[in-house]
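Survey of secondary and tertiary structure
One-letter residues, chain by chain:
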Amino acid sequence: LPAGAGEKIEFTDSWTAYVVNPCTGEQTEAYLTADVTAHYNKNSFVANIHTSGVTSDGYVVRAVDPVVGNQNVLSDVTNGIHTHPETGSKYRVHSHFKVDMRTETVIHDVFEATCIKP
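Description of the structure in this document. (Residues numbered from 1 in each chain as written. Predicted model: local features only at pLDDT ≥ 70, side-chain atom pairs only at ≥ 80, totals over all residues. Heavy atoms only, no water.)

1. What about the pairing of strand β3 (residues 44-55)?
Using the following cut-off: The pairing criterion is simple: DSSP has to find at least two bridges between the two strands. Secondary structure elements follow DSSP: runs of H or I no shorter than four residues count as helices, runs of E no shorter than two count as strands, and numbering proceeds from the N terminus.
Where strand β2 (residues 27-40) lies against β3, eleven bridges are found, and the strand directions are antiparallel. Following the sheet pairing, Ala38 is matched in β3 by Ala47. In sequence, β2 turns back onto β3 through a hairpin of three residues. With eleven bridges connecting them, β3 and strand β4 (residues 60-70) associate as antiparallel partners. Counted as the bridge partner of Gly53 is Val61 from β4.

2. A short note on unusual backbone geometry
Unlike most non-glycine residues, Glu104 shows phi in positive territory, near 55 degrees. Residue position: Glu104 is located in the loop between β6 (90-100) and β7 (105-117).

3. So, the sheet that holds β3
Backbone-to-backbone hydrogen bonds pair the strands of a sheet. The strands run either parallel or antiparallel. Threshold: Helix axes are fitted only over the stretch in contact, all axes being lines through C-alpha atoms; the angle between N-to-C directions runs from 0 to 180 degrees.
Spatially, β1-β2-β3-β4-β5-β6-β7 is the arrangement adopted by the seven strands of the open sheet, whose pairing is antiparallel. The outermost strands of the open sheet, each flanked by one partner alone, are β1 (7-20) and β7. Each neighbouring strand pair of the sheet contributes to a mean axis angle of 15 degrees, computed without reference to strand direction. Of the strand pairs in this sheet, β1 and β2 are connected by 14 bridges, and their pairing is antiparallel. By the bridge assignment, Ala17 is partnered in β2 with Ala30.

Spelled out as structure tokens, the structure:
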């Protein structure tokens, strides 16, 4: 952000997500923790989210999630890699969520989990 950017807020959040591991086809729980840094201005904000965690089937999670919003649109893109440290199995999680803030309508919602190495 440029010099003079608005208020900076930092916090950590944790939650559990449920996803199907595309390498095994099995549902798994991901126990996630996110470190969030957000900058707010009068009519907009930018947040950078760095997520880490583990899944119930032993994968280590690392993800980056930039979020940008203003009075017109909110956009959230997630790119993460889940890697099993013992087997080397790896999969990618990608999502993109966009909302038209004027109408509060979801205009784009994609979630993909792709096996990179079984």
